[in-house]
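The lines below spell out each chain.
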Amino acid sequence: MIYCSKCLMPDTRPGLIFNEAGVCKACLWHEKKGQIDWKTREQDLRDLVESAKGSSRSSWDCVVGVSGGKDSTWQAMYLKEELGLNPLLVQFVGSDGTKTGRQNIENLIKKGFSHISIQPNANLARQLARKSFRKFGNIVKYSDYALFPIPFRVAMAYDIQLVFFGENPALEAGDRNSVGLGWDAINIKNNNTLDGSNLDVWKGEGIGERDLIQYSFPSEDEFKLWGGQGVFMGYFLNWSVYRNGIYAYQAGMEGIDADYHDIGIPYRHNCLDSNNGGIVNSMLKHIKLGFGNATEFLCYDIRDGRVTRQEAIKVVKELDGRCHQRYVEDFCNWIDITEKDFWETANSFRGNMWEKSGSNKWRLKNPIWEQEPYADDISLDEIIERIDTKRIAEETEGLSIYEPYGKF
Ligand SMILES: [Zn+2]
């Protein structure tokens, strides 16, 4: 694998491009973010939302898609506290759901938010997850289709004119189709990974078009009739997943109670609403593409200067792709397959960056830690302790929604 010369993103990431100096597009976007006049952009956002206040038949001014995790907690609080909007929180529970995820939504409701949750019947979700796993080696691909359409559909149903999302995923990931994307979230329907226009792949075995409405974008006519706007807040505000994590802990969000080695990342604030979506899927990505969520997170940490490249390599070497057996068991029970079946299917997606070692175990060919030195003067625990969002949240209690911007 060839890695970005700044972060640790490998060339196996679909859609990622590099410049002549070997820097990935996500890093270039990060550099560009440093030159944006965020004060002006924020004022633009304030101007944009002014007309939406009180424009709905209900008391809700806007819809915001949430999971109850770090980003949606920050987003909901920002819209309410800073912009003075009354948001309706809309959640899509794609698959298993978790106790922590439910608690975090309760936390927001107690803070004065209304909430609508949409969850497909378990039989349908299970069937789609099984298909998603077998066909793509990605167990949440089907539910990703719903994340954008559902908030729009709810806004249309209640005649609410503004729909908020966080970051533009194509832009943050350095996707080659991200050129020219601004704040208009309605454009997301043209994104290559979320193009829901063709749902044929999910049909069959008793699943028809009408069962899939929550996974499909409203039509052009529906958008026209509605006449509202979809907004990526990440265009207007200097988004920081890390800062959001600290803020959300302070606002009462609960993290995962698990060892880092069991969840494959050095953060307990990620994917709190689904073990399948976060932990198991990260391992599958590791099998398919040679990197998992530890790489994703540590790339942000490198770009923001929280860790050195050598420290990041150490964390990735230790944690990437790790997933405790109990999460695999839960997933197999949920979609009703055997573990043997799970591993056979998972291995059928194994990328060519893997080889069998002498002891017949899979190992990555020439991974980054064999190409470059990694930190040996600091332990893994020390690195993790230093970047731990929960620890920082506890030690810096009472941060305002803005305060962490420069600090973290
Ligand atoms: Zn990079």
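Structural data are supplied above this passage.
Residues numbered from 1 in each chain as written. Predicted model: local features only at pLDDT ≥ 70, side-chain atom pairs only at ≥ 80, totals over all residues.

### Notes on the environment of E42
Here's step 1: Note that E42 resides in helix α2 (residues 38–50).
Here's step 2: What makes E42 partly exposed here is the crowd of 16 C-beta atoms within 10 Å.
Here's step 3: Put simply, E42 and M1 are 41 residues apart on the chain and 39 Å apart in space, counted from C-alpha to C-alpha.
Here's step 4: Not counting the four nearest positions on each side in its chain, E42 is found in contact with F236 and L237. (Helix = DSSP H or I, 4+ residues; strand = E, 2+ residues; numbered from the N terminus. Buried ≥ 20, exposed ≤ 12 C-beta atoms within 10 Å, placed from the backbone. Contact = placed C-beta atoms within 7 Å.)

### Details of the pairing of strand β3 (residues 114–118)
Here's step 1: Pairing of strand β2 (residues 87–92) with β3, which is carried by five bridges, proceeds in the parallel orientation. Counterpart to L89 in the pairing with β3 is H115.
Here's step 2: For the crossover that starts at β2, traverses helix α4 (residues 99–110) and ends in the parallel β3, the hand is right-handed. (Pairing = 2+ DSSP bridges. Right-handed = clockwise from strand over helix to strand, strands pointing away.)

### So, the nonpolar core
Here's step 1: If you look at the biggest cluster of nonpolar residues, it comprises 97 residues, and the most contacted ones within it are L8, C62 and L298.
Here's step 2: When near neighbours in sequence (up to four residues on either side) are disregarded, C62 contacts A52, L79, L85, P87, I160, L162, V163 and F164. (Core = buried A, V, L, I, M, F, W, Y, C linked by C-beta atoms within 7 Å.)

### Examining the sheet that holds β2
Here's step 1: The strand order across the open sheet formed by five strands is β3-β2-β1-β4-β5, and the pairing between neighbours is parallel. Of all the strands in the sheet, just β3 and β5 (229–232) have a single pairing partner and so form its edges. Within the sheet, the average angular offset between the axes of one strand and its neighbour, ignoring direction, is 25°.
Here's step 2: Note: strand β1 (residues 62–66) against β2, five bridges, orientation parallel. Bridged to V66 within β2 is Q91. (Axes fitted to C-alpha atoms, helices over the stretch in contact; angles between N-to-C directions.)

### Concerning the packing of helix α14 (residues 293–303) against helix α15 (residues 309–319)
Here's step 1: Running from amino to carboxyl end, α14 crosses α15 at an angle of 165°, the nearest separation of the two axes being 9 Å. The orientation of α14 with respect to α15, classified from their angle, is roughly antiparallel. Where α14 crosses over α15, the two elements pack in a sense that is right-handed. Facing A294, T295, L298, D301 and I302 of α14, the residues of α15 in contact are R309, A312, V315, V316 and L319.
Here's step 2: Split into classes, the residues belonging to the contact of α14 with α15 amount to seven nonpolar, one polar and two charged. (Parallel < 35°, antiparallel > 145°, perpendicular 65-115°, else oblique. Left-handed = near helix turned anticlockwise from the far one by under 90°. Nonpolar A, V, L, I, M, F, W, Y, C, P; charged D, E, K, R; others polar.)

### Here's the deal with α4
Here's step 1: When the terminal C-alpha atoms of α4 are compared, their 16 Å separation across 12 residues agrees well with the 16 Å that a helix rising 1.5 Å per residue should span.
Here's step 2: The set of residues buried in α4 consists of G101, N104, I105 and L108. Across the axial projection of α4, the buried residues extend over an arc of 100°, all falling on one side. Among the exposed residues of α4, those pointing more than 90 degrees away from its buried face are K99 and K110.
Here's step 3: As for α4, its buried residues are in contact with α3 (70–82), β2 and β3.
Here's step 4: Two residues or fewer past α4, G112 is found with a positive phi of approximately 105°. (Expected span 1.5 Å × (residues − 1). Arc of directions from axis to C-beta.)

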